[in-house]
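If you want the building blocks of each chain, they are given just below.
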Amino acid sequence: MQRLNVDAPGIPRTSVLDAGQGRATILIHGTSSSAEMGWAQLLPRLAAKRRCLAFDMVGAGQTEDPGGPITLTTLVEQVRAVADLAGDGKPLDLVGYSLGAVVAAVAAAAMPDRVRRLVLLGGWVQSSRSMCVLFDLWAELSRTDKHQLARLLLVNGVSDTFFQANSTEAIQTALDRIANLLSAGGDRQAELDATIDIRAELPKIRAQTLVIGMQQDRLVPPAHCRDLAAGIAGARYEQIDCGHLVTLEQPGALLDLVESHLDSPTGHCYEERHGAA
């Protein structure tokens, strides 16, 4: 695994974790996370069959942050820059989690001839009023108290089964890890979350799409994920019995679904529209 840097409009340096060989798969993390925090646990298995490019979005990790509001346009430009890093011009795959799923959907709509397969984890179409209240609190705690934000995310991000199965010490360890890894620009990412409305983009998506919801998700309830799947032609919907923090609770089940979709035989949506690549 290595780190590379690419340039995107308005962002002098986007930092990318590069692992594996084969067809490029771009991994897009969620709010207050980073490429390392979001994907490190999954990369060894994912990168065994493909080239994984996991980038730090603006406000996260080692990407240079110019400051100011974060927009979907900026994040999609980062996806374009990382896609160019693949260099071979072949169709590629996108996997996005939470805010990263929103970004991946918009990027797939903007690059219909480039994106082959699309996986959207815990994504949504339009922020509801209750989600906006949550995102406002998220932004405020990101600025003022990351330990309290970690508590908010854990108590709303995992299932009761997680708490029952882990000791007090293990739960505290998880809280400390989350607090220490939360990104510096998470407040501005959460502010973007509150503005999301991608209804107009969904009909433009031509990639073969899998949407995954989390059955006990209190941050992005699964009804939002089902709405996302319903808005994309031919999309398949699957559900995992856990909270929003799926990589913490059910990484194996998640990897099984993701790899099954990325590795499924040709002859489905993308190939029917574009020809096998």
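Preceding block: the structure.
From a predicted model like this one, the values you see are computed outputs, not experimental measurements. (Residues numbered from 1 in each chain as written. Predicted model: local features only at pLDDT ≥ 70, side-chain atom pairs only at ≥ 80, totals over all residues. Heavy atoms only, no water.)

1. Notes on the layout of surface pockets
Operational definition: Grid spacing is 1 Å over the protein atoms alone, the probe is 1.4 Å, and a cavity is where that probe fits but cannot get out, while a pocket is an open set with protein on both sides within 12 Å along at least five of seven lines and lining residues have an atom within 4 Å of a point. Grid points are joined across faces, edges and corners, and a volume is the space filled by probe spheres set on the points. Segments assigned H or I by DSSP are reported as helices when at least four residues long, segments assigned E as strands when at least two residues long, and all are numbered from the N terminus. Any residue that is not Ala, Val, Leu, Ile, Met, Phe, Trp, Tyr, Cys, Pro, Asp, Glu, Lys or Arg is counted as polar, Gly included; the first ten are nonpolar and the last four charged.
For the largest pocket, the calculated volume is near 480 Å³. In this structure, the largest pocket is lined by 24 residues; those nearest its centre are Ser-33, Met-37, Tyr-97, Leu-245 and Thr-247. Counting residues per element, the ones that place at least two in the lining of the largest pocket are helix H1 (35-39), helix H8 (168-181) and helix H11 (246-249). Ranked by residue count, the leading element in the lining of the largest pocket is H1, at 4 residues. Residue composition of the lining of the largest pocket, by class: 13 nonpolar, 9 polar and 2 charged.

2. Brief notes about empty space enclosed by the protein
Following the criterion strictly, the structure yields 2 cavities of 30 Å³ or more and no others. Forming the walls of the largest cavity are Arg-23, Ala-24, Ala-86, Asp-88, Lys-90, Pro-91, Leu-92 and Arg-114. For the lining of the largest cavity, a count of residues per class yields 4 nonpolar, no polar and 4 charged. Approximately 30 Å³ is the volume attributed to the second largest cavity. If you trace the second largest cavity, you find it lined by Thr-31, Ser-98, Phe-135, Trp-138, Asp-193, Leu-219, Val-220 and His-244. A class-by-class count of the residues in the lining of the second largest cavity yields 4 nonpolar, 3 polar and 1 charged.

3. Quick look at unusual backbone geometry
Quick note on the threshold: Throughout, exposure labels follow a simple rule: accessible area from a 1.4 Å probe, protein chains only, divided by the maximum for the residue type, with under 20% read as buried, over 50% as exposed, and the rest as partly exposed.
One non-glycine residue with positive phi stands out, namely Ser-32, at about 65°. You can see Ser-32 is positioned in the loop between strand E3 (24-28) and H1. What makes Ser-32 buried here is its relative accessible area of 1%. Here Ser-98, not a glycine, exhibits a phi torsion of approximately 60°, which is positive. In this structure, Ser-98 sits in the loop between strand E5 (92-97) and helix H4 (99-110).

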